[in-house]
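Below are the chains, spelled out letter by letter.
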Amino acid sequence: MTKRALISVSDKSGILEFAKELETLGYEILSTGGTKAYLQENGVAITPVDQVTRFPEILGGRVKTLNPMIHGGLLAKHDDADHQAQMNEHGIEPIEVVCVNLYPFRETISKPDVTADDAIENIDIGGPAMLRASAKNHAYVTVITDAADYPAVLEELKAAGKTTIETRRRLAAKVFRHTASYDAYISGYLTDLAGEEFPEQVTFTYELKQSLRYGENPHQKAAFYQRALGSDFSIASAQQLHGKELSYNNIQDANAAIQIVKEFELPAAVAVKHMNPCGVGVGETISEAFGKAYEADSMSIFGGIVALNREVDTETAEQLSGIFLEIILAPSYSDKALEILTKKKNIRLLTIPFEQNKKDKWNTVSIEGGLLMQEPDAHGFAQADVRVVTDREPTEEEWAALKLGWSVVKHVKSNAIVVTDAQMTLGVGAGQMNRVGAAKIALEQAAEKAQGASLASDAFFPMNDTVETAAKAGITAIIQPGGSVKDEDSIAKANEYGIAMVFTGVRHFKH
């Protein structure tokens, strides 16, 4: 009996060569629509699907393969006598090889001008049905949805006349991953279209970007997956120009650096260690900004990650090359800057598409047995309900320092305190169990530079002890959310020391 293969693909990469090889191996090839026309035009003998179903394509091609003559051939057990008797009764022949890929739904909804009608017309129905049927029946059917698998399948067919059960099972698993991902894009798109924020079920799909040598520690396995329709301005979209491959911790730190540098319009440089900023600087030039970030904590930046929001020029590259850094991220590098930095064998140089402003709608965090989902903390100084609550208002320079501190403190692990002047961080207190402890760490790092500096807190002061500690170190301006039942105590303490204090009405916890 002639073996049969069904081919119906939207992505025709490699399909002509695959079909010709199947034809050489004695397969009758069934096809329909554009695939049929393409293969026939290129000399492949095709049996049209409507000849098998004895029913024409209808509804503008929406219904072609949804027919017992096709699905019976896909789902029949070849060694089941009852199945074989029914197939003989109805004139159904088995289909041994299925090669299908789906309407380009993801590519369609990625277009900026896509309409709902266009998106819906690109929801494939017959394709997933054939794939799922074939994958379910993989004991007998070889199903392929990825052109990368054509060579391996052909090799086995040529060698033994059939594929191994191990190959068929692997391909079947791949099919169900593919259809699950496909459905996730559709459900996500329609959920957004319907305006539902927290539906009763949520499914995300990610694509493998990189296998990692290990995870947070060498004894942990890890991989890096990218959300295909996620933010373009992200570490997942970065292009690596030089250096070793990224590690798990590199990716975490790089992501943290990007989130901070996004906050700034002025030339800015951010240095990160262990997902917390150790130095942030702004300036008239990117070289000046990096100089400030380095000065902020010249010890902790060693082995750190630096993100810059301007092209790396020669002057900045020379500064960067004098320090041991794991990663540099920037929109671009001048030719001379690349020449300088690529002399360092292991440093990773990455570019990020800063011009892209698409952001993820939700942030997700996995916990054991579940997933937390929330909106990104996009609330900045411009959106804050800023009010001066003390007798003295901040000076112009203090306002600049307060804005800088407020932009940085939201990215520091809570409890968080950041000490700044108008151009740079001077001290960072991160992740402490009490706010005074965080303040002491930040002020100790700032040392004598705390005199006349400003202090930002990610949450309100439960008591006036943080203000007392700040005042004794020389802080002259404070920004904090407010909202404590003891706000008046903190305000009174600030007035006592002549400190200008600003409330924003918004806290920035980061866990």
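Residues numbered from 1 in each chain as written. Predicted model: local features only at pLDDT ≥ 70, side-chain atom pairs only at ≥ 80, totals over all residues. Heavy atoms only, no water.

Would you mind showing me how to read the overall build of the protein here?
Counting its regular elements, the protein contains 18 helices and 21 strands. In terms of overall size, the protein is more extended than a compact globule, its C-alpha atoms giving a radius of gyration of 30 Å where 511 residues would be expected to give roughly 24 Å. Each principal axis of the C-alpha atoms in the protein carries an extent, and together these give about 95 × 55 × 45 Å. Taking all 511 residues of the protein together, the buried fraction comes to 47%. Taking contacts inside the protein between residues at least 6 apart in sequence as the whole, the part at least 24 apart equals 55%. Summed over all atoms, the accessible surface of the protein reaches about 25000 Å², with 50% contributed by carbon and sulfur. Separation between the mean location of the 50 positive side-chain charges and that of the 69 negative ones in the protein comes to 5 Å. (Helix = DSSP H or I, 4+ residues; strand = E, 2+ residues; numbered from the N terminus. Rg over C-alpha atoms; globule rule 2.2 N^0.38 Å. Buried < 20%, exposed > 50% of the residue type's maximum accessible area, 1.4 Å probe, protein only. Contact = heavy atoms within 4.5 Å. Areas by Shrake-Rupley, 256 points an atom, 1.4 Å probe, with all protein chains shown as cover. Lys, Arg positive; Asp, Glu negative; His and termini not counted. Charge placed at Lys NZ, Arg CZ, Asp CG, Glu CD.)

Would you take a moment to explain the pattern of salt bridges for this structure?
Once their charged atoms are close, side chains differing in charge can pair, the charge on each being opposite to the other. For the coordinates displayed, the defined rule picks out 15 salt bridges. Note that Asp 146 and Lys 174 form a salt bridge whose closest N and O atoms lie 2.9 Å from each other. Highlighted residues: Asp 146 in the loop between β5 (142–144) and α9 (150–160) and Lys 174 in helix α10 (residues 165–194), separated in sequence by 28 residues. A salt bridge links Lys 449 to Glu 295, with the shortest nitrogen-to-oxygen separation between them at 3.3 Å. Pair noted here: Lys 449 is in the loop between α16 (435–446) and β19 (454–457) and Glu 295 is in helix α12 (residues 286–296), with a separation of 154 residues, a long-range link. Lys 449 sits in the partly exposed class, given a relative accessible area of 36%. A single salt-bridge network, built from bridges that share partners, covers Asp 146, Asp 149, Arg 170 and Lys 174. (Salt bridge = Lys/Arg side-chain N within 4 Å of Asp/Glu carboxyl O.)

Is there a simple way to think about the packing of α12 against helix α13 (residues 314–321) in this case?
Axes are the key here: two packed helices are described by the angle between their axes and the distance separating the axes. Look at α12 against α13: their axes get within 8 Å of each other, and the N-to-C directions meet at 20°. Here α12 is positioned roughly parallel relative to α13, judged by the angle of their axes. Two packed elements cross with a definite hand, and for α12 against α13 that hand is left-handed. Taking contact as the criterion, the partners of Ile 286, Ser 287, Phe 290 and Gly 291 in α12 are, on α13, Glu 315, Thr 316, Gln 319 and Leu 320. Across the contact of α12 with α13, the residue classes break down as three nonpolar, four polar and one charged. (Axes fitted to C-alpha atoms, helices over the stretch in contact; angles between N-to-C directions. Parallel < 35°, antiparallel > 145°, perpendicular 65-115°, else oblique. Left-handed = near helix turned anticlockwise from the far one by under 90°. Nonpolar A, V, L, I, M, F, W, Y, C, P; charged D, E, K, R; others polar.)

What is the right way to look at helix α15 (residues 396–409) in this model?
Helical geometry: 3.6 residues make up each α-helical turn, so side chains three or four residues apart lie on a common side. Look at α15: 20 Å from first C-alpha to last across 14 residues, which is about the 20 Å you get at 1.5 Å a residue. By the burial criterion, the buried members of α15 are Glu 398, Ala 401, Leu 402, Leu 404, Gly 405, Trp 406, Ser 407, Val 408 and Val 409. (Expected span 1.5 Å × (residues − 1).)

How should α13 be read in this particular structure?
Looking at α13, one finds that the buried residues are Thr 316, Ala 317 and Leu 320. When α13 is viewed along its axis, its buried side chains cluster within an angular range of 100° and face the same direction. The secondary structure elements touched by the buried residues of α13 are α12, β11 (304–308), β12 (325–330) and α14 (335–341). (Arc of directions from axis to C-beta.)

What exactly am I supposed to notice about the sheet that holds strand β18 (residues 425–429) here?
Spatially, β16-β21-β20-β19-β17-β18 is the arrangement adopted by the six strands of the open sheet, whose pairing is mixed. Of all the strands in the sheet, the pair left with one neighbour each is β16 (387–388) and β18. Across four bridges, the pairing between strand β20 (residues 477–480) and strand β21 (residues 500–503) is parallel. Bridge pairing in β21 places Gln 480 opposite Phe 503. Against the sheet, α15 engages β16, β17 (417–420), β18, β19, β20 and β21, with an angle of about 30° to β19. (Pairing = 2+ DSSP bridges.)

Got a minute to help me understand the side chain of Asp 487 in this structure?
With respect to the helices, strands and loops of the structure, Asp 487 is situated in helix α18 (residues 487–497). Of the side chains with opposite charge, Arg 387 comes closest to the buried, unpaired Asp 487, at an N-O distance of 5.7 Å. Aside from chain neighbours lying at most four places away, what touches Asp 487 is Gly 482 and Phe 503.

Explain the layout of surface pockets here, please?
Where empty space is left can be seen by rolling a probe of water-molecule size over the atoms. If you add up the space inside the second largest pocket, you get close to 890 Å³. Taken together, 30 residues line the second largest pocket, and the ones lying closest to its centre are Gly 188, Tyr 189, Asp 192, Arg 227 and Leu 229. The biggest single contributor to the lining of the second largest pocket is α10, with seven residues. Classifying every residue of the lining of the second largest pocket by side-chain character gives twelve nonpolar, eight polar and ten charged. (1 Å grid on protein atoms, 1.4 Å probe; cavity = no way out; pocket = protein on both sides within 12 Å on 5 of 7 lines; lining within 4 Å. Points joined across faces, edges and corners; volume = space filled by probe spheres on them.)

Can you walk me through the packing of helix α1 (residues 15–24) against α9 in this structure?
Packing of α1 against α9 leaves a shortest axis separation of 11 Å and a crossing angle of 10°. Between α1 and α9, the angle falls in the class roughly parallel. Within the contact between the two elements, α1 uses Ile 15, Phe 18, Glu 21 and Leu 22 and α9 uses Tyr 150, Val 153, Leu 154, Leu 157 and Lys 158. Residues of the contact of α1 with α9, tallied by class, amount to seven nonpolar, no polar and two charged.

Could you clarify how one ought to interpret the environment of Asn 276 in this entry?
Relative to the helices and strands, Asn 276 is located in strand β10 (residues 276–282). For the pair formed by Asn 276 and Asn 309, sequence separation is 33 residues and the distance between their alpha carbons is 18 Å. For Asn 276, the residues in contact, after removing those within four places along its chain, are Ala 271, His 411, Val 412, Lys 413 and Ala 430. There is a polar contact of 3.0 Å between the side chain of Asn 276 and the backbone nitrogen of Lys 413. (Polar contact = N/O pair within 3.5 Å; in protein donor to acceptor, adjacent residues only side chain to side chain.)

Is there a simple way to think about the nonpolar core in this case?
Grouped burial of nonpolar side chains is what soluble globular proteins tend to show. Within the largest apolar cluster, 40 residues are counted, with the highest numbers of intra-cluster contacts made by Ile 235, Phe 264 and Leu 329. Going through the elements one at a time, α11 (248–261), β9 (268–273), β10, β11, β12, α15 and β20 are the ones with two or more residues in this core. Element by element, the count of residues in this core is highest for α11, at seven residues. (Core = buried A, V, L, I, M, F, W, Y, C linked by side-chain atoms within 4.5 Å.)

Please clarify how a nonpolar patch on the surface should be interpreted in this entry.
Nonpolar side chains collect at one region of the surface, where Phe 55, Ile 58 and Leu 59 lie side by side and expose about 290 Å² of accessible area between them. Overall, the relative accessible area of 46% leaves Phe 55 in the partly exposed class. (Patch = residues over 30% accessible without salt bridge, like charges linked within 9 Å, V, L, I, M, F, W, Y side chains within 5 Å.)

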